[in-house]
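Here are the chains, one letter per residue:
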Amino acid sequence: MGFSIALIVFSLLLMLLVLMHKGKGGGLSDMFGGGMQSSVGGSSVAERNLDRITVVVGLMWFACIVVLGILMKINN
């Protein structure tokens, strides 16, 4: 039961994080000040941190799916 709740939370969080990323035409990150271009070029610190957080949450989401699959296989 705990992993099912964690999967729902990670799914919603992952959706939010992906929507916050800046795409070709901007994104929801523009609403939070992510639309400003850096004069040096490359990605800003906020964008790199958003990338890192998204990867970590994605890995935790994947781990929940694997654990739930193993638990379902054991219980059957």
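Being a predicted model, the structure only gives us computed values, none of them experimental.

Helix and strand counts for the chain stand at two helices and zero strands. Counting every position in the chain, which comprises 76 residues, the buried fraction comes to 16%. Expressed as a percentage of contacts within the chain between residues at least 6 apart in sequence, the contacts between residues at least 24 apart total 67%.

This next bit is on the nonpolar core. Core analysis: the largest hydrophobic core is formed by eight residues, namely Leu 7, Phe 10, Leu 14, Leu 17, Leu 50, Val 57, Cys 64 and Leu 68. For this core, the secondary-structure elements that each account for two or more residues are helix 1 (2–20) and helix 2 (45–75). Residues within four places of Leu 17 in sequence aside, it is in contact with Leu 50, Ile 53, Thr 54 and Val 57.

When the terminal C-alpha atoms of helix 2 are compared, their 45 Å separation across 31 residues agrees well with the 45 Å that a helix rising 1.5 Å per residue should span. Buried within helix 2 are the following residues: Leu 50, Thr 54, Val 57, Gly 58, Cys 64 and Leu 68. Its buried side turned inward, helix 2 meets helix 1.

Our next topic: a nonpolar patch on the surface. Among the surface-exposed residues, Phe 62, Val 66, Ile 70 and Ile 74 lie close enough to one another that they form a single nonpolar patch of about 400 Å² accessible area. The residue Phe 62 is located in helix 2 in this model. Classification of Phe 62 by relative accessible area gives exposed; the value is 51%.

As a further point, take the side chain of Thr 54. Here Thr 54 is to be found in helix 2. Thr 54 gets classed as buried once you look at its relative accessible area, which sits at 13%. With sequence-adjacent residues up to four places away left out, Thr 54 is seen in contact with Leu 14, Leu 17, Val 18 and His 21.

So, on to the environment of Trp 61. Summarising the element assignment, Trp 61 is placed in helix 2. For the pair formed by Trp 61 and Ile 8, sequence separation is 53 residues and the distance between their alpha carbons is 8.9 Å. Residue contacts for Trp 61: discarding those within four places in its chain leaves Leu 7, Phe 10, Ser 11 and Leu 14.

Over its 19 residues, helix 1 extends 27 Å from the first C-alpha to the last, a length consistent with the 27 Å expected when each residue adds 1.5 Å. Among the residues of helix 1, Leu 7, Phe 10, Leu 14 and Leu 17 are the ones counted as buried. Buried residues of helix 1 fall within an arc of 100° about the axis and therefore sit on the same side. Facing away from the buried side of helix 1 by more than 90 degrees, the exposed set consists of Ile 8, Leu 12 and Met 15. Buried positions along helix 1 lie against helix 2.

About the thresholds
Residues numbered from 1 in each chain as written. Predicted model: local features only at pLDDT ≥ 70, side-chain atom pairs only at ≥ 80, totals over all residues. Heavy atoms only, no water. Helix = DSSP H or I, 4+ residues; strand = E, 2+ residues; numbered from the N terminus. Buried < 20%, exposed > 50% of the residue type's maximum accessible area, 1.4 Å probe, protein only. Contact = heavy atoms within 4.5 Å. Core = buried A, V, L, I, M, F, W, Y, C linked by side-chain atoms within 4.5 Å. Expected span 1.5 Å × (residues − 1). Patch = residues over 30% accessible without salt bridge, like charges linked within 9 Å, V, L, I, M, F, W, Y side chains within 5 Å. Areas by Shrake-Rupley, 256 points an atom, 1.4 Å probe, with all protein chains shown as cover. Salt bridge = Lys/Arg side-chain N within 4 Å of Asp/Glu carboxyl O. Arc of directions from axis to C-beta.

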